[in-house]
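# Residue-level structure breakdown
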Number of protein chains: 2
Amino acid sequence: MSFIARAASRVGRHSCQRYSFAALRSAAITDRFKSSLAAQAEVDLEELDTAAKTVDEALPKIDTPTDWSTFNPSKSGTPSPWAVFDAWGANDIKDGLSSEVEEAMLSAKAVAIPMDENDREGLPDESDILAAYNSFLQGKSSVHFGYPYNLMFDFREVMQFLQYSINNLGDPFVPSNYGVHSRQFEVAVIDFFARLWKMQPGAYWGYVTTSGTEGNLHGILLARERFPDGILYTSQETHYSVFKAARYYRMECQSIPTLPMGEINYDILAEAIAENKDKPVIINVNIGTTVKGAVDNLDRILRMLQQLQIPRERYYIHCDGALFALMMPFIDFAPEVSFRKPIDSIAVSGHKMLGSPMPCGIALCRKEHVQNVEQHIDYLNSVDTTIMGSRNGHAALYMWYSLRKKGVEGIKRDVLHCIQTARYLRDKLTEKGLSCRLNDLSSTVCLERPLSNDFIQRWQLACEEDICHVVVMPNVTRSKIDKFVDELIQVTEKHGRIQPVREGSPLMQLSATW
Amino acid sequence: MSFIARAASRVGRHSCQRYSFAALRSAAITDRFKSSLAAQAEVDLEELDTAAKTVDEALPKIDTPTDWSTFNPSKSGTPSPWAVFDAWGANDIKDGLSSEVEEAMLSAKAVAIPMDENDREGLPDESDILAAYNSFLQGKSSVHFGYPYNLMFDFREVMQFLQYSINNLGDPFVPSNYGVHSRQFEVAVIDFFARLWKMQPGAYWGYVTTSGTEGNLHGILLARERFPDGILYTSQETHYSVFKAARYYRMECQSIPTLPMGEINYDILAEAIAENKDKPVIINVNIGTTVKGAVDNLDRILRMLQQLQIPRERYYIHCDGALFALMMPFIDFAPEVSFRKPIDSIAVSGHKMLGSPMPCGIALCRKEHVQNVEQHIDYLNSVDTTIMGSRNGHAALYMWYSLRKKGVEGIKRDVLHCIQTARYLRDKLTEKGLSCRLNDLSSTVCLERPLSNDFIQRWQLACEEDICHVVVMPNVTRSKIDKFVDELIQVTEKHGRIQPVREGSPLMQLSATW
């Protein structure tokens, strides 16, 4: 089903049913017949159709080497011109379970750390364990579909730095006395994101985090320091790290219901804020929810705050951009999430869209907020502004290398690959009669949960109640999708299909809206 | 000055002056003539002398290859039998500043990430930048003295895994659906520490953290969840991460003054607790303070709680073991810090004593505490028990490899090297007439702050007001110390010596107690 056909279907029965079914308190009539994307970008359906055509034309045909591509198409699954490193074989599925020998080599008994020479007796050699582990990782990486991690990267040139203990302790912008750091690279990465998200020079602060969670913990912390008695509003489909932050920081938090497609229910949000006008407002905006990849409509939330007459000095907006904040700026017709709008902080992961051997991310905010938490630490000769004190300098280096080698064009190609390949998967599943859904601008395909745990484990699918999802990343290729769907059909024939586990379950919403 | 001579000097004038001078509210008469170590280990001075002799005999002569050593003594500075990897040259000081070309290559302008092809024009090639960076890191690593990081490690064999995105998301003991993990290694590392710290099988929980800070944030969080209205007591020389935890978690925190050598002032602590008997007690015990390497006397604190009749169900003890919790178990006569005593959690760093390319650590606690914070996350098919959601699987692998290759004997040798070499430094400084101090069992030598920022920068000394410190780690050798002291004398002759910056400043305490 094409993008245009889907857009057209929104005015049809299902779409109406969707809104009336689960969101009675939601969306004004005029918004009802637009997708949230359309509402956010303030375009009508005609514009959307044009945009869709442009995208379809712009999208390279994946799995076919093109002129701009310098990669080895027989091995690589990503259209990024620099992704030539494919030691584990993105296209080569390593089938079958590990051998018994391998499994034994990775057992608790084999990898135990001895306390003395008696303990050590009979333990396998470390090199043999590591060889088995390599084989294990190869297999697992080759059939990974469920989490939004780009497993395709090439850091051979920066591996050498593992011989150094690189620690950016303290603040990225304030050199500490410890000299073995990668601050210059970290600052370059922050500067890049500041430009990407349209921040004025000198007006921002940020750092390379150890994960998306740390970015959220940091953003919500800044919000609480800005408004010690503020209420945090966030949708119930928000990543657990945001609720965790509220719990850690002892903040009042309101979990707002969602629309069936996963966006926050704007009307309920507005009501909740209206009821608590004596308290400052802290909103976490999901730039891509974890499970459905739904993007909360920032513009609509801002309009709502305006309508409620909440002045700028009474609200703080944090954007959890885990995966999507690094995708949306590279799609020409996507709504803009940037600091040109009155937002306060963004968190994004580095190991997701960009890809990295270890989890990492970026926290970016307006400079004045971090000044609220800054503490000078004599011992560091720097300031304590980050959650962690000691910080992984290698992660900054990986992000720097990746951004510099790929360039904006390279990332754009990766992003388009993901979106187009996700559509391929959605269409294929639909063709086979399976329930599934793909949000606009998203590469996250939600589908009914297969009734085989072996299958779920094999493809490492992330599940929630009666649905699961596939996040199409640069290492997910059409040929892998073909194999995935074939196996899924076999599983379905053998075990049948899951029934909704409860009234209003994710699967019920997914089926109702499709 | 030998260990024995120092012990003897404690009964002399200086020692008495120290206690009467700055800790009127402290130490009972009987404790006054023992070092805190002696008090803690419940040994008298005679036993201490014997212990000192034993250590002196046990200590290998560093910089001289010995039988048990398999390293290349011409290159390596560590007595660990496996530390043969010395790409940057622990004994070869890379002198002089980087060349101008190198500096230009690492400038903000050169490492900037271009937004488009125009931006890219004129930028140096990444490989040239990385070559300059390698030279920069070599230089910085070769003259690092100030932070407690073991820069000597050999991870060539595990470098290959950088091609995988290894993420132990969720809990170490509960497999998630994401298959590219290193959980089996993480669990082996946790099991090792549980045995080291004498925890019963099945009674503990822990994980590999991204830094010592995360371990403290986790331990203090568990404490707060156990006692939501508990008061956190910790000495004012505590690492800033503990105060940060209290601030994040909105806990009442009392910062207790210290004795001149850096331990918590036990009498003031007792008074503070006695005054707040209506609130549960949370104590952070420093197993090595950041600046002076002072170890809070756990046994004395426990006795005090008993005397105050605080029952076990009304207190939580977290031990911040950053560096020392990985040194003390390897010194035969050190007081025992372990779960055989009524403590609740320990945090230790992995990049400190053990050495790692990136910051990491271990958080270990009694299992029942983590059950208070556990949340099942459908999406992960695991539980959320750690601070971070996505977690660096490589760090677990580095710790595992290091522990397994070194073994308890290897770490013991590293520890003894540090303690003996720190004494060498202290004696050398004393001989030159400079003020300095080395706590028992510590490898942290505090000295007067040199009056040259260039010197401080060059040796990357951590400073606090008018003192600085050198932490002797496996990569700090006697020949480097000779060079350091020579340069320090030159600097002192040129710039003079610092005067105490205020009444009761760290330098004043250091001079008074020496």
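Computed from a predicted model, the values in this text were never measured in an experiment.

## Digging into the environment of isoleucine 467 of chain A
Residues and elements named next belong to chain A. For isoleucine 467, the position within the fold is in strand E13 (residues 467–471). Judged by its relative accessible area of 0%, isoleucine 467 falls in the buried class. Separated by 20 residues in sequence, isoleucine 467 and leucine 447 have C-alpha atoms that sit 5.6 Å apart. Discounting residues that sit within four places of it in the chain, isoleucine 467 has contacts with Val291, Lys292, Cys446, Leu447, Glu448, Arg449, Pro506, Leu507 and Leu510.

## Thoughts on the sheet that holds strand E1 (residues 204–209) of chain A
Residues and elements named next belong to chain A. Taken together, seven strands build an open sheet; the order of strands is E1-E7-E6-E5-E4-E2-E3 and the sheet is mixed. Whereas interior strands pair on both sides, the edge strands pair on one side only; in this sheet they are E1 and strand E3 (252–256). Each neighbouring strand pair of the sheet contributes to a mean axis angle of 15°, computed without reference to strand direction. As paired strands, strand E5 (residues 315–320) and strand E6 (residues 345–349) are joined by three bridges and run parallel to one another. By the bridge assignment for E6, cysteine 319 is matched with isoleucine 346. Contacts between helix H12 (residues 212–226) and the sheet are confined to E1, strand E2 (231–235), strand E4 (281–286), E5, E6 and strand E7 (361–366), with E5 contributing the most and set at about 180° to the helix.

## Considerations on the packing of aromatic side chains
Summed over the entire model, instances satisfying the criterion amount to 42 aromatic pairs over all chains. Plain terms: the ring middles of phenylalanine 155 of chain A and tyrosine 401 of chain A are 6.2 Å apart, the flat faces sit at 55° to each other, and that makes the pair tilted. One end of the pair, phenylalanine 155 of chain A, is in the loop between helix H9 (126–142) and helix H10 (156–159); the other, tyrosine 401 of chain A, is in helix H17 (residues 393–431), and 246 residues separate them in sequence. Residue classification places tyrosine 401 of chain A among the buried residues on the basis of a relative accessible area of 5%. Considering the side-chain rings of tyrosine 379 of chain A and tyrosine 147 of chain B, the 5.3 Å spacing of their centres and the 70° angle between planes classify their relative orientation as edge-to-face. Of this pair, tyrosine 379 of chain A sits in the loop between strand E8 (375–377) and strand E9 (382–384) while tyrosine 147 of chain B sits in the loop between helix H9 (126–142) and helix H10 (156–159), which puts the two residues in different chains. Relative accessible area serves as the criterion here: at 8%, tyrosine 379 of chain A is assigned to the buried category. Of the aromatic side chains, those joined through ring pairs into one cluster are Tyr133 and Phe136 of chain A together with Phe161, Tyr164, Phe185 and Trp400 of chain B.

## Details of the side chain of threonine 289 of chain B
Mapped onto the elements, threonine 289 of chain B comes out in the loop between strand E4 (281–286) and helix H15 (298–307). With residues near it in sequence (within four places) discarded, threonine 289 of chain B still touches Glu237, Gly262 and Ala294 of chain B.

## Describing the packing of helix H14 (residues 266–275) of chain B against H15 of chain B
Residues and elements named next belong to chain B. With their axes 11 Å apart at the nearest point, H14 and H15 run at an angle of 30° to one another. In this structure, the crossing between H14 and H15 has a hand that is right-handed. The segment H14 lies against H15, with Tyr266, Asp267, Leu269, Ala270 and Ile273 engaging Arg300, Ile301, Met304 and Leu305. Residues that form the contact of H14 with H15 fall into these classes: seven nonpolar, no polar and two charged.

## Focus: the UniProt feature "modified residue: N6-(pyridoxal phosphate)lysine" (unreviewed entry) in chain A
Residues and elements named next belong to chain A. When the UniProt feature table is mapped onto this chain numbering, "modified residue: N6-(pyridoxal phosphate)lysine" (unreviewed entry) sits at Lys352. Looking at the element boundaries, lysine 352 is found in the loop between E6 and E7. Lysine 352 has contacts with Pro148, Tyr149, Asn150, Ala322, Leu323 and Met473, leaving out every residue within four places of it along the chain.

## Section: the relation of the copies chain B and chain A
Between the two copies of the chain lies a relationship made up of a rotation around an axis and a movement along it. Of the transformation placing chain B onto chain A, the axial shift is 0.0 Å and the rotation is 180°, giving an RMSD of 0.0 Å. This pairing of chains is accounted for by a two-fold axis. It is tyrosine 249 of chain B whose C-alpha, among those of chain B, lies nearest the rotation axis, at 2.4 Å. The fraction of interface residues of chain B whose copies in chain A are also interface residues reaches 100%, indicating that both copies meet through the same surface.

## Thoughts on the pattern of salt bridges
Under the counting rule described, the total for this entry stands at 44 salt bridges over all chains. Between glutamate 487 of chain A and arginine 458 of chain A there is a salt bridge, and its shortest N-O distance comes to 2.8 Å. Of this pair, glutamate 487 of chain A sits in helix H19 (residues 478–495) while arginine 458 of chain A is found in helix H18 (residues 453–459), placing the two residues 29 residues apart along the sequence. On the accessibility criterion, glutamate 487 of chain A (14% relative accessible area) is buried. Measuring nitrogen to oxygen at the nearest pair gives 2.6 Å for the salt bridge that ties arginine 497 of chain B to glutamate 448 of chain B. Here arginine 497 of chain B, found in the loop between helix H19 (478–495) and helix H20 (506–513), pairs with glutamate 448 of chain B, found in strand E11 (residues 444–448); they are 49 residues apart in sequence, far enough to count as distant. With a relative accessible area of 39%, arginine 497 of chain B lands in the partly exposed category.

## Some details on the interface of chain B and chain A
With 114 residues of chain B in contact, the opposing surface of chain A contributes 114 residues. Of the roughly 10,500 Å² buried between chain B and chain A, counting both surfaces, carbon and sulfur atoms make up 57%. We note a salt bridge from lysine 244 of chain A to aspartate 384 of chain B, for which the minimum N-O separation is 3.0 Å. Linking chain B to chain A there are 59 residue pairs in polar contact (both at pLDDT 80 or more). Take the side of chain B that touches chain A: its biggest share by element is 11 residues, from H9 of chain B. For the side of chain B that touches chain A, the residue count by class is 62 nonpolar, 33 polar and 19 charged.

## Comments concerning unusual backbone geometry
All names here are of chain A. Although it is not a glycine, asparagine 381 adopts a positive phi angle of roughly 55°. Assignment of secondary structure puts asparagine 381 in the loop between E8 and E9. Asparagine 381 sits in the partly exposed class, given a relative accessible area of 32%.

## With respect to the nonpolar core
In this structure, Phe193 and Leu305 of chain A together with Phe193 and Leu305 of chain B are the most contacted members of the largest nonpolar core, which totals 220 residues. Non-local contacts of leucine 305 of chain A, meaning those with residues more than four positions away in its chain, are made with Ile273, Val281, Ile283, Ile310, Tyr315 and Ile317 of chain A. The next biggest cluster of nonpolar side chains, apart from the first, holds 46 residues, and it includes Ala223 and Leu232 of chain A together with Ala223 and Val370 of chain B.

## Focus on the confidence of the model for chain A
Residue and element names in this part refer to chain A. With 81% of its residues at a pLDDT of at least 70, chain A reaches an overall mean of 83. Considering only residues more than four positions removed or in separate chains, one finds that residues 1–90, a stretch of pLDDT under 50, has 175 contacts. The ipTM, which scores confidence in the relative placement of chains, is 0.85 for this predicted complex, and the corresponding pTM is 0.85.

## Focus on the environment of methionine 327 of chain A
Residues and elements named next belong to chain A. Looking at the element boundaries, methionine 327 is found in the loop between E5 and E6. What makes methionine 327 buried here is its relative accessible area of 1%. When the C-alpha atoms of methionine 327 and cysteine 418 are compared, they prove to be 9.5 Å apart, with 91 residues separating the residues in sequence. Setting aside chain neighbours within four positions, we find methionine 327 in contact with Met353, Val415, Cys418, Ile419 and Ser443.

## So, the pairing of E3 of chain A
All names here are of chain A. Pairing of E2 with E3, which is carried by five bridges, proceeds in the parallel orientation. For leucine 232, the partnering residue across the bridge sits in E3 and is cysteine 253. As for the winding sense of the linkage, the β-α-β connection from E2 through helix H13 (residues 240–248) to E3 is right-handed.

## Some remarks on the sheet that holds E13 of chain A
Residue and element names in this part refer to chain A. Read from one edge of the open sheet, four strands run E10-E11-E13-E12, paired in antiparallel fashion. At either margin of the open sheet sits one strand with a lone partner, and together these are strand E10 (436–438) and strand E12 (462–464). Sheet twist, expressed as the mean angle between neighbouring strand axes with direction ignored, is 25°. The pairing of strand E11 (residues 444–448) with E13 spans five bridges and is classified as antiparallel.

## Quick look at the packing of helix H12 (residues 212–226) of chain B against helix H13 (residues 240–248) of chain B
All names here are of chain B. Running from N to C, H12 and H13 cross one another at 45°; their axes reach a closest spacing of 9 Å. One way to sum up the angle between H12 and H13 is to call them oblique. At the point where H12 passes H13, the crossing takes the right-handed sense. Of the residues in H13, those touching H12 at Thr213, Asn216, Leu217 and Ile220 are Ser241, Val242, Lys244, Ala245 and Tyr248. Residue composition of the contact of H12 with H13, grouped by class: five nonpolar, three polar and one charged.

Calculation rules
Per chain, the residues get numbers from 1 upward, laid out in the order the sequence is written. Chains carry letters and ligands carry numbers; both start at the beginning, A for chains and 1 for ligands, and go up in the order they are written. Local features are withheld for residues below a pLDDT of 70 in this predicted model, meaning they are given only at 70 or higher, and side-chain atom pairs are given and counted only at 80 or more; totals for whole chains, interfaces and linings count all residues. As a convention, hydrogens and water are excluded, and side-chain values are obtained from all of the structure's heavy atoms. The helix and strand labels rest on DSSP assignments: H or I over at least four residues marks a helix, E over at least two residues marks a strand, and numbering proceeds from the N terminus. Exposure categories follow from relative accessible area, calculated using a 1.4 Å probe and restricted to protein chains: below 20% of the type maximum is buried, above 50% is exposed, and the middle band is partly exposed. What makes two residues a contact is simply this: any of their non-hydrogen atoms within 4.5 Å. One bridge is not enough; two strands pair if DSSP finds at least two bridges between them. Lines are fitted to the C-alpha atoms to define the axes, a helix being fitted only along its stretch in contact, and any angle between axes, read from their N-to-C directions, falls within 0 to 180 degrees. Here a Phe, Tyr or Trp ring, Trp counted by its six-membered ring, pairs with any other such ring whose centre lies within 6.5 Å, and the pair is stacked when the planes are under 30 degrees apart, edge-to-face when over 60, and tilted otherwise. Two helices that cross are described as forming a left-handed crossing if the nearer one is turned anticlockwise from the farther one by less than a right angle, and a right-handed crossing if clockwise. Here the nonpolar group is Ala, Val, Leu, Ile, Met, Phe, Trp, Tyr, Cys and Pro; Asp, Glu, Lys and Arg are the charged ones; every other residue, Gly included, is treated as polar. UniProt positions are given in the numbering used here, feature names are shortened, and annotations may be inferred rather than shown by experiment. Copy-to-copy superposition: least squares on the C-alpha atoms, limited to residues that have pLDDT of at least 70 in both copies. The salt bridge criterion pairs a side-chain nitrogen of Lys or Arg with a carboxyl oxygen of Asp or Glu, the two atoms within 4 Å. By buried area we mean the combined loss of accessible area, with a 1.4 Å probe, across both parts when two parts are placed together. N or O atoms within 3.5 Å of each other form a polar contact, as long as, within protein, one can give a hydrogen and the other can take it, and as long as residues adjacent in sequence are counted only when both atoms are side-chain atoms. Only buried residues count toward a nonpolar core. Its members are Ala, Val, Leu, Ile, Met, Phe, Trp, Tyr and Cys residues joined through side-chain atoms within 4.5 Å. pLDDT is defined as a per-residue confidence score from the predictor, taking values between 0 and 100. Here a crossover is taken to be right-handed if, once the strands point away from the viewer, the path from the first strand over the helix to the second is traced clockwise. Any angle between 65 and 115 degrees counts as roughly perpendicular, while under 35 counts as roughly parallel, over 145 as roughly antiparallel, and the rest as oblique.

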